[in-house]
Structures are given as C-alpha cells and as structure tokens.
Amino acid sequence: MLKLRSVRVEDLDALFVLDQQCFPEGIAYSKEELAYFLFETISLSLIAEEDRKLAGFIVAEQVSPTLMHLITIDVAAGMRRLGVGRVLMEAILEGAVCAGTEAIELEVAVDNAGAQAFYREAGFVETGRIAGYYMGTLDALTMRRALRV
Ligand SMILES: CC(C)(COP(=O)(O)OP(=O)(O)OC[C@H]1O[C@@H](n2cnc3c(N)ncnc32)[C@H](O)[C@@H]1OP(=O)(O)O)[C@@H](O)C(=O)NCCC(=O)NCCS
C-alpha cells in the first residue's frame, strides 16, 4: 500500500540516487542542491513509499508568499503509471493551498513528453519556453497551475 511521509535528513542519499536515475547528467541535481532545496529553503516535500520501499518524491519551494516553484517530482522507473506521481502532486497542491499559495510554476525539458503529459493531466498549462535552460543547450517549457485560495 502506498504511503506518504515527510522527508528526513537520512533520506537524502536514497533521494539523490533516485534523482540520478530519473534524469540525465546535467539535469539531475547534485546531492548538495537536493539538500539545499529539501532542508534549507522554505519548501514542501513528500516521499511516497510502497511497502517501505521508496517509490517517489516531490519537492516544491515557496518562492514568495503566493507562489511555489516545483523543484522536482521523481517516481522510480518500476513504479510509473501506477498513480504515484498523481498522489504526490495532489498532496503537494493541497499543502500549497493550505499555505496560501495562489499558483505553482515549473520547468520541464522540451524532450520530456511523458512529464509534460503528466503535468497537463494535473492541470498545468504551458506559459512559455526558455532557450537553453538545461546545460545551455536544451530548452525548457514553463508551466503554471493556478490554485484555489
Ligand atoms: C513524470 C512522472 C513523475 C509521472 O509519475 P507517474 O507516477 O508515472 O504518473 P501517474 O501514474 O500518476 O500518471 C498520472 C497521469 O499522468 C499522465 N502521464 C504520466 N506519465 C505519462 C507518460 N509517460 N506519458 C503520457 N502520459 C503520462 C497520464 O494521464 C497518467 O494517467 P494514466 O496512467 O491513468 O493514463 C514520472 O514519469 C517520472 O518520475 N519521470 C522521470 C522524472 C521526470 O521527468 N520528472 C518530471 C521532471 S520536470
């Protein structure tokens, strides 16, 4: 059964490994960057576990009193298309609404069609494109979802 829980400092190594598996070099976060977003910013983060095994995690940073920025959502390869991402996203959006957030924004690589479809399904709309956002060579789409307050 899938369970959500808060992130602890001792989870960092496993979250780093999962992020490395989810993204190519240059897009995946370093362990220091992940630690920064998880523990040194004002952020919401959650881990999803299936039978105590890491299935995925999500981190969103509060960048202003009314705006959150999705840092990442990572689901383990063997656990995809089972609703783990949806559960993590719904929980973080609920937390964002409770925190008074009016919108959540994100970037996604133009070649990551699966994630784009996931975000559209979660109610995000495309708002623009940033040239060379990843490694100076790969463009990102920007997406936004307005939240009820
Ligand atoms: C994107 C990601 C988080 C989605 O997580 P997930 O647990 O597989 O997603 P869910 O099972 O909750 O999917 C919910 C819905 O989103 C859509 N969706 C999810 N993945 C999709 C894909 N690869 N292609 C098309 N639609 C997709 C579908 O509508 C899906 O519903 P359905 O399975 O009933 O059709 C996951 O694929 C992942 O971790 N990818 C690698 C990391 C990544 O790219 N993260 C985003 C960074 S910007």
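Residues numbered from 1 in each chain as written. Predicted model: local features only at pLDDT ≥ 70, side-chain atom pairs only at ≥ 80, totals over all residues. Heavy atoms only, no water.

Ring pairs (aromatic) are described by centroid distance and by the angle formed between their planes. Enumeration over the complete set of coordinates arrives at five aromatic pairs. With centroids separated by 5.3 Å and ring planes inclined at 65 degrees, the aromatic side chains of Tyr 36 and Phe 37 adopt a geometry described as edge-to-face. Tyr 36 gets classed as partly exposed once you look at its relative accessible area, which sits at 38%. Given the relative accessible area of 15%, Phe 37 is considered buried. One aromatic cluster is present, formed by Tyr 29, Tyr 36 and Phe 37 through successive ring pairs. (Phe/Tyr/Trp six-rings, centres within 6.5 Å; stacked < 30°, edge-to-face > 60°. Buried < 20%, exposed > 50% of the residue type's maximum accessible area, 1.4 Å probe, protein only.)

This paragraph deals with helix 4 (residues 113–121). Turning to helix 4, its buried residues number three or more, namely Ala 115, Gln 116 and Tyr 119. Projected onto a plane normal to the axis of helix 4, the buried residues spread over an arc of 100 degrees and lie on a single side. Counted as exposed and oriented over 90 degrees from the buried face of helix 4: Ala 113, Gly 114 and Glu 121. The inward-facing, buried residues of helix 4 abut strand 4 (67–75), helix 3 (84–98), strand 5 (103–109) and strand 7 (138–146). Once helix 4 ends, the next one or two residues include Gly 123, with phi positive near 95 degrees. (Helix = DSSP H or I, 4+ residues; strand = E, 2+ residues; numbered from the N terminus. Arc of directions from axis to C-beta. Contact = heavy atoms within 4.5 Å.)

With that settled, consider the packing of helix 3 against helix 4. Packing of helix 3 against helix 4 leaves a shortest axis separation of 11 Å and a crossing angle of 50 degrees. Taken as axis vectors, helix 3 and helix 4 run oblique relative to one another. For the element pair helix 3 and helix 4, the recorded crossing hand is right-handed. Taking contact as the criterion, the partners of Gly 85, Arg 86 and Met 89 in helix 3 are, on helix 4, Phe 118, Tyr 119 and Glu 121. Residues that form the contact of helix 3 with helix 4 fall into these classes: three nonpolar, one polar and two charged. (Axes fitted to C-alpha atoms, helices over the stretch in contact; angles between N-to-C directions. Parallel < 35°, antiparallel > 145°, perpendicular 65-115°, else oblique. Left-handed = near helix turned anticlockwise from the far one by under 90°. Nonpolar A, V, L, I, M, F, W, Y, C, P; charged D, E, K, R; others polar.)

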